[in-house]
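Chains, contacts and geometry: an overview
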Amino acid sequence: MNHLLKSAALAALLTATGTLSAAAQEVTLRFQHFVSPKAGSATYFMEPWARKVEKDSGGRIKVEIYPLMQLGGKAPDQYDLIRDGAIDGGWIIPGYQPGRFPETEAIELPFVSLKSAELSSMAAWEFTQEHLMDDFADIHILAAHTHGEGLVHKKGEPIRQVEDFEGLKLRAPTRTSTLLLEKMGATPVGLPVPAFPEALSKGVLDGGIITFAMSPSLKLDELTDAETDVAGDRSFYNLYFLWAMNKAKYDSLPDDLKEVIDRNSGLMASRWSGIAYDMGDDDGVKVIAASDNAVNVLSEEETTKITALGDEVVADWIAEMDEKGFDGEKLVADVKAAMEHAQDAAPWVDAQGAAYTITTE
């Protein structure tokens with residue numbers, strides 16, 4: 001996907017719904033997330049989503065967004081905080097609780113997702129509808145999405161061959177990324193996003209895997225020296241996210257306000273979340289490019305070596321899921337099919353996005 005179209009595509013989503021007449025505020029929704037308010041997802045999706053819901057409700061809904069877990073808890077707690085009503089909604093990474101939602105790992109397997117967060121997020125919504133709604137029956141899902149290309153940020157020289165992973169202590173966000181790093185000889189350390197900068201600054205880690213989008217808010221241009229990506233259009237790791245509400249809070253809304261939430265949910269919101277990550281990646285690339293950091297894309301030959309190790313991770317995961325009573329092969333096949341469906345939709349997506357004028361309204 002050409003990222004030059006992202007702002008136009010985002011504008012299409014922002015202008016898709018007309019303005020309703022003003023009315024008295026009736027509901028306040030408190031949403032929480034665990035990253036900086038300057039992060040791409042917060043800047044290009046969460047805050048604009050909140051303002052759009054307010055506008056579409058004619059002022060009857062107020063959405064308050066609290067960054068950096070200001071309402072309490074830690075990033076891995078988000079699902080339970082929403083389920084239990086401690087907050088009305090927010091951003092969730094199910095993989096932060098390994099083993100709890102095993103089917104979601106299909107989206108996070110090596111080289112399954114695309115480097116376009118927009119297209120991968122469209123696929124994530126399709127897969128969620130097909131396989132995961134029962135898993136998340138105790139919350140109300142608004143969107144499901146992924147990030148874009150996941151890459152290695154590290155101190156010192158960039159990685160140039162698979163053997164360079166040997167012995168590196170690298171932050172890993174999920175169980176599947178941990179499995180891949182182990183295959184490559186690295187020592188993975190499980191850390192949520194907020195803990196990554198401190199671990200880098202204290203020398204606990206040599207680096208970690210994360211997106212370009214998080215570079216500005218985490219100051220990775222200052223804390224690391226090099227970035228390394230794989231060749232091709234597939235990401236060697238990814239994360240699965242949910243944007244969700246407390247189920248009882250959603251159910252308590254009058255029907256017309258539920259309809260406002262519904263209009264800003266589903267495939268539309270999932271795609272929007274992906275576009276936000278792609279735009280955040282663009283911002284991050286600019287920050288890294290303006291620094292002294294070295295950026296390296298591995299050769300096709302080295303990428304093929306990593307892909308082969310990724311295939312081993314996938315095969316092991318399928319066998320593990322089969323032992324747990326799931327059809328691992330079908331889960332992988334279905335998420336790959338969803339990615340292909342999103343790729344098939346790409347020309348239509350581009351045409352729709354380009355038809356709109358870029359706006360900051």
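Conventions and cut-offs
- Residues numbered from 1 in each chain as written.
- Predicted model: local features only at pLDDT ≥ 70, side-chain atom pairs only at ≥ 80, totals over all residues.
- Heavy atoms only, no water.
- Helix = DSSP H or I, 4+ residues; strand = E, 2+ residues; numbered from the N terminus.
- Buried < 20%, exposed > 50% of the residue type's maximum accessible area, 1.4 Å probe, protein only.
- Contact = heavy atoms within 4.5 Å.
- Areas by Shrake-Rupley, 256 points an atom, 1.4 Å probe, with all protein chains shown as cover.
- pLDDT = per-residue confidence, 0-100.
- Pairing = 2+ DSSP bridges.
- Axes fitted to C-alpha atoms, helices over the stretch in contact; angles between N-to-C directions.
- Parallel < 35°, antiparallel > 145°, perpendicular 65-115°, else oblique.
- Left-handed = near helix turned anticlockwise from the far one by under 90°.
- Nonpolar A, V, L, I, M, F, W, Y, C, P; charged D, E, K, R; others polar.
- Salt bridge = Lys/Arg side-chain N within 4 Å of Asp/Glu carboxyl O.
- Phe/Tyr/Trp six-rings, centres within 6.5 Å; stacked < 30°, edge-to-face > 60°.
- Lys NZ or Arg CZ within 6 Å of the ring centre and 35° of its normal.
- Core = buried A, V, L, I, M, F, W, Y, C linked by side-chain atoms within 4.5 Å.
- Arc of directions from axis to C-beta.

1. Observations regarding the overall build of the protein
A tally of helices and strands in the protein yields 14 helices and 11 strands. The buried share among the 361 residues of the protein stands at 57%. Looking at the protein alone, contacts between residues at least 24 apart form 80% of all its contacts between residues at least 6 apart. Summed over all atoms, the accessible surface of the protein reaches about 14200 Å², with 51% contributed by carbon and sulfur.

2. Looking at the confidence of the model for the protein
When pLDDT is averaged along the protein, the result is 91; 89% of the residues meet or exceed 70. Here residues 1-5 is a poorly scored stretch, pLDDT under 50, and it has 11 contacts once near neighbours within four places are set aside; other chains count. The low-confidence segment residues 351-361 (pLDDT under 50) makes 15 contacts with residues lying over four places distant or belonging to another chain.

3. Let's talk about the sheet that holds strand S6 (residues 169-172)
What links the strands of a sheet is backbone hydrogen bonding, and the strands pair in either a parallel or an antiparallel sense. The strand order across the open sheet formed by six strands is S7-S6-S8-S5-S9-S11, and the pairing between neighbours is mixed. This sheet does not close on itself; its edge strands, each paired only once, are strand S7 (187-190) and strand S11 (294-297). Averaged over all pairs of adjacent strands, the angle between strand axes in this sheet comes to 30°, irrespective of strand direction. Sheet strands in contact with helix H6 (residues 175-183) are S6, S7 and strand S8 (207-211), and its direction is about 160° off that of S6.

4. As for the environment of phenylalanine 34
Structurally, the position occupied by phenylalanine 34 is in the loop between strand S1 (27-32) and helix H2 (40-56). Counting along the chain gives 35 residues from phenylalanine 34 to methionine 69, while the straight-line C-alpha distance between them is 5.1 Å. Ignoring anything within four residues of it in the chain, the contact list for phenylalanine 34 reads Leu68, Met69, Ala75, Gln78, Trp91, Ile93, Tyr96 and Pro194.

5. Some words on the packing of helix H5 (residues 117-132) against helix H12 (residues 267-289)
At a minimum axis separation of 7 Å, H5 and H12 run at an interaxial angle of 150°. The angle between H5 and H12 falls in the class roughly antiparallel. Considering how the two elements wind past one another, H5 and H12 form a crossing that is right-handed. Of the residues in H12, those touching H5 at Ala117, Glu118, Ser121, Met122 and Trp125 are Leu267, Ser270, Arg271, Gly274, Ile275, Tyr277 and Asp278. Grouping the amino acids of the contact of H5 with H12 by side-chain chemistry returns six nonpolar, three polar and three charged.

6. Some remarks on the pattern of salt bridges
A complete count under the given rule lists 20 salt bridges for this structure. One salt bridge connects glutamate 312 with lysine 183, and the closest N-O pair in it is separated by 3.1 Å. Of this pair, glutamate 312 sits in helix H13 (residues 300-323) while lysine 183 sits in helix H6, placing them 129 residues apart in sequence. Here the salt bridges share partners, and the residues they tie into one network are Asp80, Arg83, Asp84 and Arg100.

7. Some points on the packing of aromatic side chains
Applying the stated criterion to the full structure yields 13 aromatic pairs. Each member of the aromatic cluster is reached from another via a ring pair, and the members are Phe31, Phe45, Trp49, Trp243 and Trp272. Sitting over the face of the ring of phenylalanine 196, arginine 171 holds its NZ or CZ atom 5.8 Å from the ring centroid.

8. A look at the sheet that holds strand S2 (residues 61-66)
The strand order S2-S1-S3-S10-S4 describes an open sheet built from five strands, whose pairing is mixed. Bordering the open sheet on either side are S2 and strand S4 (139-146), each of which pairs with just one other strand. Between one strand axis and the next, the sheet turns by 20° as a mean value, whatever way the strands run. Taken together, the six bridges between S1 and S2 define a ladder with parallel strand orientation.

9. As for the nonpolar core
One broad rule of soluble globular proteins: the nonpolar side chains tend to lie buried together. Membership of the largest hydrophobic core comes to 106 residues, with the highest contact counts inside it found for Trp49 and Trp243. Broken down by element, the residue count for this core peaks at eight residues, all from H5. Those residues in contact with tryptophan 243, other than ones at most four positions away along the chain, are Phe31, Phe45, Met46, Trp49, Ile65, Gly90, Trp91, Ile141, Leu142 and Ala143.

10. Some words on the packing of H2 against H12
As a packed pair, H2 and H12 sit with axes 6 Å apart at the nearest point and diverge in direction by 145°. Of the two possible hands of crossing, H2 and H12 adopt the one that is right-handed. Here Gly40, Ser41, Tyr44, Phe45, Pro48, Trp49 and Lys52 of H2 come into contact with H12, specifically with Met268, Ala269, Trp272, Ser273, Ala276, Tyr277, Met279, Gly280 and Asp283. Here the residues of the contact of H2 with H12 are counted per class, giving 10 nonpolar, four polar and two charged.

11. Things to note about H6
For an α-helix, the turn length of 3.6 residues means that residues three or four places apart are oriented alike. Residues Thr176, Ser177, Leu180 and Leu181 constitute the buried set of H6. One side of H6 holds all its buried residues, which, seen down the axis, span an arc of 135°. On the buried face of H6, the contacting elements are helix H4 (105-108), S6, S7, S8 and H13. In the segment just after H6, glycine 185 is the residue with positive phi, at about 95°.

12. Describing the pairing of strand S10 (residues 240-246)
The buried fraction of S10 is high, at seven of seven residues. For strand S3 (residues 89-92) and S10, the ladder comprises four bridges, and the chain directions are antiparallel. Residue glycine 90 lies in a different strand from S10, and its bridge partner there is alanine 244. Relative to S10, S4 runs antiparallel, the two sharing seven bridges. Counterpart to isoleucine 141 in the pairing with S10 is alanine 244.

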